[in-house]
Amino acid sequence: MVTATPKSDFRMPRCNGIDIEKFKISQLQSHLRSGAFTSVNVVQCYRQRISQLNPRIKAVIEINPDALEIARKLDEERQNGIVRSPLHGIPFLAKDNIATKDKMQTTAGSSALLGTVISRDARVITLLWEAGAILLGKSNLSEFASMRASYYSEGYSSRGGQNRNPYNLAHHPGGSSSGSASAVACNMCAFALGTETDGSVMFPADRCAVVGIKPSVGLVSTEGVIPEAPSLDTVGVFGRYVGDVAIVLDVIAVRGVCSDAGVESPGIYISNLRKTDALKGVRFGIPWKRVWEAASKSMEMESQYRTLMEVIDKMRSAGAEIINVDFPSAEEIISPQGWDWTFAEGKTNSILSEFTVVRTEFYHNLKEYLSSLERNPNNINSLEDIIAYNIQHSPEEGGVSGTHPAWPTGQDNFDKCIKSKHWSASVHDEALAYIHLKSRSQGIDAVLANNKNPLDALLVPLQADGGAACSVAAKAGYPMSTIPVGVDEEGVPFGIGLMHTAGKEEELVMWASAIEDLVGKRRLPKFENWEANNWPYIGCPP
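Keep in mind that what you see is a predicted model, and the values were worked out from it rather than measured.

## Observations regarding the pattern of salt bridges
Reasoning step 1: By the definition in use, this model includes 19 salt bridges.
Reasoning step 2: A salt bridge links Lys297 to Glu293; the nearest nitrogen and oxygen atoms lie 3.4 Å apart. Of this pair, Lys297 and Glu293 both sit in helix H9 (residues 288-297), four residues apart, which is roughly one turn of that helix.
Reasoning step 3: A relative accessible area of 23% places Glu293 in the partly exposed class.
Reasoning step 4: One network of salt bridges, in which partners are shared, links Glu62, Asp96, Lys138 and Arg159.

Encoded structure:
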């Protein structure tokens, strides 16, 4: 049994005598450069922090046994005058669906994939390694990136257990990149990687009071990531500051590639950081119908809505122009109940929905990923094999409804994916074309154009609208970011989201950093309900 931990035990361990809890990556780098501490010291400090908190938070699924040795080699490089990048010697975590060819596992949180060996590191891992970043370990997640079930305990995986929100452990941290966000929130690493198909970077960043950025689909390589839906998948970044996220994005963004979403060669993101005064004259749209309208009517989210409106008023006072707009397609692709990836054509369970795209791509692309494994001890070659494994180990894996409290509906979403395996390609293609049309030219792009009175970006809630706006950006494959702005009555953080069209990450960094400067310092976790042992369910109850 875990006993209550004294508040003094929550203090961040010092790094060679220095308090680094509020350090930006640039400050860590400055101290490394001056010799105030070494990368070995920083790795040791973060590992102590993980040992201190992870038994309850369960953000980290596995520690890299080679992290200290990698840090020693990078310290030697620094001593010899070699500094690879602003990330040289900086520790990070990667979500457990991002492949690494090392002594760690890549399992998407599932015991079924234990022991598998991939042919090479994911491309983002290679880029970060080349930049001198130190992979400290793998972070926990909602198993298989929340694909398993329609009702489940958010942040739970069979390998990692129940990840909890460090602000209030009785609440979930958001998913599916739950461990990455919660680890950054309570200083288990300097930054972390997550993945998103729809909301899996944005929601946990928002609920853990960290900055998150979901890049345009195609801007960051997903090679070596266990797939969900490649048409919508992207790798995102979590950091405690906008500048930290920008530094990482500068390393992992693919240069000179134009994707289906229209991504072009990015600039240098870190050069786009701004202060509050940059908001003067900027034109922000706030999509009202089914987005801010829903937030304004939600009794449950009243305090969030009130705080978000106060932030928007501060932006007005700083010289920004705030304009009410509507997505032309709002009633067609946004459910009145909020986030619903089966919603399209103004109805739920539509064949033209985002879920049609996801379920078909997941089934076929997962099989392709599994076929590429160099070692596969459990002979998991398809989604059918994963389902069978979960049923065979149902007490631990919840393969049958009602056999494990984390998955009351078992693996019903997996079952739906199986049913779509024989659908013709045209079913998928028509659904993808529909969601792209409604979220792009009849959605985000239409609103940004604003009848030839262009807007600089869109401001949206992440939670107060039930996740509706976030889903529009996901369908489009367009970028989003979130900036922490407050904590609700339950002690759960929330932020304000920024949305733009494809390839406009530079603008997101610009306006996010200006809003960050306006809002001020983020609150640190208080670890309320330290002994919580509930199951924080999300979805539709059976």
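## Some thoughts on the pairing of strand S2 (residues 91-95)
Reasoning step 1: The buried count for S2 comes to five of five residues, which makes it a mostly enclosed element.
Reasoning step 2: Between the parallel elements S2 and strand S3 (residues 134-139), the chain passes through helix H4 (residues 123-130) in a crossover that is right-handed.
Reasoning step 3: Judged from the three bridges that link them, S2 and strand S7 (residues 191-196) form a sheet pairing that is parallel. Its bridge partner lying in S7, Phe92 is registered against Phe191.

## So, the side chain of Glu361
Reasoning step 1: Assignment of secondary structure puts Glu361 in helix H12 (residues 354-371).
Reasoning step 2: For the buried Glu361, no salt bridge exists, and the shortest N-O distance to an oppositely charged side chain is 10 Å, to Arg440.
Reasoning step 3: Engagement of the side chain of Glu361 in a polar contact is seen with the side chain of Ser231, the distance being 2.5 Å.
Reasoning step 4: Sequence-distant contacts of Glu361, that is, excluding residues within four places in its chain, are made with Glu228, Ala229, Pro230, Ser231, Leu366 and His428.

## Details of a nonpolar patch on the surface
Reasoning step 1: A cluster of nonpolar residues, Ile268, Ile270 and Leu273, forms a patch on the protein surface that exposes about 230 Å² of accessible area.
Reasoning step 2: Relative to the helices and strands, Ile270 resides in the loop between helix H8 (242-252) and strand S10 (283-287).
Reasoning step 3: The exposure class assigned to Ile270 is partly exposed, which follows from its relative accessible area of 32%.

## A look at the state of the cysteines
Reasoning step 1: All told, the structure shown has zero disulfides when counted by the stated rule.
Reasoning step 2: The structure places no disulfide on Cys540, whose sulfur is separated from the nearest cysteine sulfur, that of Cys417, by 16 Å.
Reasoning step 3: For Cys540, a relative accessible area of 55% translates into the label exposed.

## Here we look at unusual backbone geometry
Reasoning step 1: Put simply, Gly175 and Ser176 share a cis peptide bond, and its omega is 10 degrees.
Reasoning step 2: Even without glycine at this site, Glu345 takes up a positive phi of about 55 degrees.
Reasoning step 3: On the accessibility criterion, Glu345 (38% relative accessible area) is partly exposed.
Reasoning step 4: With a phi close to 55 degrees, Asn529 is a non-glycine residue in the positive phi region.
Reasoning step 5: As for its position among the elements, Asn529 is in the loop between helix H18 (505-519) and strand S15 (537-539).
Reasoning step 6: Its relative accessible area of 44% is what places Asn529 among the partly exposed residues.

## Quick word on helix H6 (residues 178-185)
Reasoning step 1: For H6, a buried count of eight out of eight residues is recorded, marking the element as mostly surrounded by other parts of the structure.
Reasoning step 2: Restricting attention to buried positions, one finds in H6 the residues Ser178, Gly179, Ser180, Ala181, Ser182, Ala183, Val184 and Ala185.
Reasoning step 3: Considering only its buried residues, H6 is in contact with helix H2 (39-57), S2, S3, S7, helix H7 (202-207) and strand S9 (234-239).
Reasoning step 4: Directly after H6, the chain includes Asn187, whose backbone phi takes a positive value near 65 degrees.

## Side note on H2
Reasoning step 1: Maximum bend of H2: about 35 degrees, positioned at Ser51, with proline Pro55 one to four residues after it.
Reasoning step 2: The positive-phi residue at the C-terminal boundary of H2 is Lys58, with phi of around 55 degrees.

## Remarks on the sheet that holds S10
Reasoning step 1: Strand order in the open sheet made by the eleven strands is S1-S3-S2-S7-S9-S8-S13-S14-S12-S10-S11, with mixed pairing throughout. Strands at the two margins of the open sheet, each flanked by one partner only, are strand S1 (60-63) and strand S11 (321-325). Strand after strand, the sheet turns through a mean of 30 degrees between neighbouring axes, direction not considered.
Reasoning step 2: Where S1 meets S3, three bridges bridge the pair, whose relative direction is antiparallel. From the neighbouring strand, Ile63 faces S3, where its bridge partner is Gly137.
Reasoning step 3: H4 rests against S2, S7 and S9 of the sheet, and its axis sits at about 160 degrees to S7.

## Let's talk about the nonpolar core
Reasoning step 1: Counting 172 residues, the largest nonpolar core has Leu193 and Phe284 as its most contacted members.
Reasoning step 2: Ignoring any residue separated from it by four or fewer positions in sequence, one finds Phe284 in contact with Leu279, Met315, Ala320, Glu321, Ile322, Ile323, Ala457, Leu459, Leu498 and Trp511.
Reasoning step 3: Judged by nonpolar contacts, the second largest core, of five residues, contains Ala149, Tyr152, Tyr156 and Ala406.

## Quick notes on the packing of helix H13 (residues 383-392) against helix H15 (residues 412-419)
Reasoning step 1: One way to put it is that H13 packs onto H15 with a least axis distance of 10 Å and a crossing angle of 150 degrees. Considering the angle they form, H13 stands roughly antiparallel to H15. Pair H13 / H15 crosses with left-handed handedness. Within the contact between the two elements, H13 uses Leu383, Glu384, Ile386, Ile387 and Asn390 and H15 uses Phe414, Asp415, Cys417 and Ile418.
Reasoning step 2: A breakdown of the residues in the contact of H13 with H15 according to their chemical character gives six nonpolar, one polar and two charged.

## Some remarks on the packing of H12 against H13
The packing of two helices is summarised by the inter-axis angle and the distance between the axes.
Reasoning step 1: Put simply, H12 and H13 touch, their axes get as near as 9 Å, and they point 90 degrees apart. The angle between H12 and H13 falls in the class roughly perpendicular. Contacts between H12 and H13 involve Phe362, Tyr363 and Leu366 from the first element and Leu383, Glu384 and Ile386 from the second.
Reasoning step 2: By residue class, the composition of the contact of H12 with H13 is five nonpolar, no polar and one charged.

Rules of the game
- What you see as residue numbers is a count from 1 along each chain, following the sequence as written.
- Where local features are concerned, this predicted model is filtered to residues with pLDDT of at least 70; where side-chain atom pairs are given and counted, the filter is 80 or more; whole-chain, interface and lining totals use all residues.
- Side-chain metrics in this entry use all non-hydrogen atoms of the structure; hydrogen atoms and water are not considered.
- Salt bridges are defined as contacts in which a side-chain nitrogen from Lys or Arg sits within 4 Å of a carboxyl oxygen from Asp or Glu.
- Segments assigned H or I by DSSP are reported as helices when at least four residues long, segments assigned E as strands when at least two residues long, and all are numbered from the N terminus.
- Partly exposed describes any residue whose relative accessible area lies between the buried limit of under 20% and the exposed limit of over 50%, with all areas from a 1.4 Å probe on protein chains only and scaled to the type maximum.
- When the strands point away from the viewer and the path from the first strand over the helix to the second turns clockwise, the crossover is right-handed.
- Strands pair, by our definition, only if DSSP identifies at least two bridges between them.
- By the counting scheme adopted, Arg and Lys are positive, Glu and Asp are negative, and His together with the chain ends is not counted.
- Think of a polar contact as two N or O atoms within 3.5 Å of one another; within protein, one of them needs to be a possible hydrogen donor and the other a possible acceptor, and neighboring residues in sequence only count if both atoms come from side chains.
- We call two residues contacting when some pair of their heavy atoms lies within 4.5 Å.
- Candidate patch residues must exceed 30% relative accessible area and have no salt bridge, after which like charges are joined if within 9 Å and Val, Leu, Ile, Met, Phe, Trp or Tyr side chains if within 5 Å.
- Method for areas: the Shrake-Rupley scheme with a 1.4 Å probe, in which residue coverage is limited to the protein chains shown.
- By convention in this document, the label disulfide applies to cysteine sulfur atom pairs within 2.5 Å.
- Bend is computed residue by residue as the angle between axes fitted to the seven residues ending at the residue and the seven residues starting at it.
- Axis lines are fitted to C-alpha atoms, over the contacting stretch for helices. Their N-to-C directions set the angle, which ranges from 0 to 180 degrees.
- Nonpolar cores are built from buried Ala, Val, Leu, Ile, Met, Phe, Trp, Tyr and Cys residues. Side-chain atoms within 4.5 Å join them into one set.
- Oblique is the label for any angle not under 35 degrees, not over 145, and not in the 65 to 115 range, which are roughly parallel, roughly antiparallel and roughly perpendicular in turn.
- Two helices that cross are described as forming a left-handed crossing if the nearer one is turned anticlockwise from the farther one by less than a right angle, and a right-handed crossing if clockwise.
- Note on residue categories: nonpolar means Ala, Val, Leu, Ile, Met, Phe, Trp, Tyr, Cys or Pro, charged means Asp, Glu, Lys or Arg, and polar means any other residue, Gly included.

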